[in-house]
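Here are the chains, one letter per residue:
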Amino acid sequence: MMKSSVSICPVPTEQQPINEYQELRESWFFRWGMLELQGYIKKLAWVWGVSWIVAGPLAAASFAPSRYTVHFLLCAAAGAGMFLALTLLRLYLGWSYVRDRLLKETIFYEESGWYDGQTWTKPPEILTRDRLIVSYQVQPILKRLKRTFGILVLLVFGGSLIWNFL
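Residues numbered from 1 in each chain as written. Predicted model: local features only at pLDDT ≥ 70, side-chain atom pairs only at ≥ 80, totals over all residues. Heavy atoms only, no water.

Caption draft 1: Structural detail: the overall build of the protein chain. Counting secondary structure elements, the protein chain contains five helices and two strands. Reading the protein chain from its N terminus to its C terminus gives the helix and strand order α-α-α-α-β-β-α. For the protein chain, the C-alpha radius of gyration of 21 Å lies well beyond 15 Å, the compact-globule estimate for 166 residues. In terms of principal-axis extent, the alpha carbons of the protein chain reach across some 70 × 35 × 25 Å. Buried residues in the protein chain amount to 37% of all 166 residues. Considering only contacts within the protein chain whose residues lie at least 6 apart along the sequence, 68% involve residues at least 24 apart. Just so you have it, the protein chain exposes about 10500 Å², and 66% of that area is on carbon and sulfur atoms. Charged side chains of the protein chain number 17 positive and 12 negative; the gap between the two group centres comes to 14 Å. (Helix = DSSP H or I, 4+ residues; strand = E, 2+ residues; numbered from the N terminus. Rg over C-alpha atoms; globule rule 2.2 N^0.38 Å. Buried < 20%, exposed > 50% of the residue type's maximum accessible area, 1.4 Å probe, protein only. Contact = heavy atoms within 4.5 Å. Areas by Shrake-Rupley, 256 points an atom, 1.4 Å probe, with all protein chains shown as cover. Lys, Arg positive; Asp, Glu negative; His and termini not counted. Charge placed at Lys NZ, Arg CZ, Asp CG, Glu CD.)

Following this line, the structure appears as structure tokens:
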């Protein structure tokens, strides 16, 4: 039954929401959201640590590390946090795009270029399958990314409080 609905799908293979979802699952970068908690934290810590290569010298130009150690550390940590925030934003945008495509009843697609867009209405069994994927696979990833953003905001807020008390 499912093969017949998929076989009549006029949407090009690479533009079908299920295939876009599979691409994200197999992607080196977007797979980060699916890792176990320890692996996820390691990846984010790696991004934050590598970001110090840029943020550290910029912070040192404003605050001499030997004289203003705490200010230097807070400024560099916040700068590295910006790189981390951009990484999280990219992860979130990719997964939310696929979530939206999976949830929609009608799919917009292009047959051969930007000038010939079409829409296709999903059959009920494909719509149900896609919505189950969103509920059990995509939503937990987006929830984790939102929580991570929240923690990052709290850390920046905490750093700004420390900054104000100095």
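Caption draft 2: The arrangement of the nonpolar core in detail. The biggest cluster of nonpolar side chains holds 24 residues, and the ones touching the most others in it are Tyr-21, Leu-88, Trp-95, Leu-102, Val-138 and Leu-145. No other element matches the eight residues that helix α4 (residues 69–103) contributes to this core. Setting aside residues no more than four positions away along its own chain, Trp-95 makes contact with Tyr-21, Leu-24, Arg-25, Phe-30, Met-34, Val-138, Ile-141, Leu-142 and Leu-145. Cys-9, Val-11, Ile-107 and Trp-120 belong to the second largest nonpolar core, which has six residues in total. (Core = buried A, V, L, I, M, F, W, Y, C linked by side-chain atoms within 4.5 Å.)

Caption draft 3: Region of interest: the environment of Gln-16. Structurally, Gln-16 is set in the loop between α1 (2–7) and α2 (17–26). Of the residues examined, Gln-16 reaches a relative accessible area of 13% and is grouped as buried. Sequence separation between Gln-16 and Ile-107 is 91 residues, and the spatial gap between their C-alpha atoms is 8.2 Å. Beyond its immediate chain neighbours, meaning those up to four positions away, Gln-16 contacts Cys-9 and Val-11. A polar atom in the side chain of Gln-16 sits 3.0 Å from the backbone oxygen of Val-11. (Polar contact = N/O pair within 3.5 Å; in protein donor to acceptor, adjacent residues only side chain to side chain.)

Caption draft 4: A look at the pattern of salt bridges. If you walk through the whole model with that rule in mind, you get four salt bridges. Close ionic contact of Asp-100 with Arg-99 constitutes a salt bridge, the shortest N to O distance being 3.2 Å. Given the relative accessible area of 33%, Asp-100 is considered partly exposed. The exposure class assigned to Arg-99 is buried, which follows from its relative accessible area of 17%. Note that Lys-122 and Asp-130 form a salt bridge whose closest N and O atoms lie 2.8 Å from each other. Within this structure, Lys-122, Arg-129 and Asp-130 form a network of salt bridges that share partners. (Salt bridge = Lys/Arg side-chain N within 4 Å of Asp/Glu carboxyl O.)

Caption draft 5: Examining the environment of Val-47 more closely. Within the fold, Val-47 resides in helix α3 (residues 37–62). Separated by 14 residues in sequence, Val-47 and Ala-61 have C-alpha atoms that sit 22 Å apart. Setting aside its immediate chain neighbours within four residues, Val-47 contacts Trp-32, Phe-83, Leu-84 and Thr-87.

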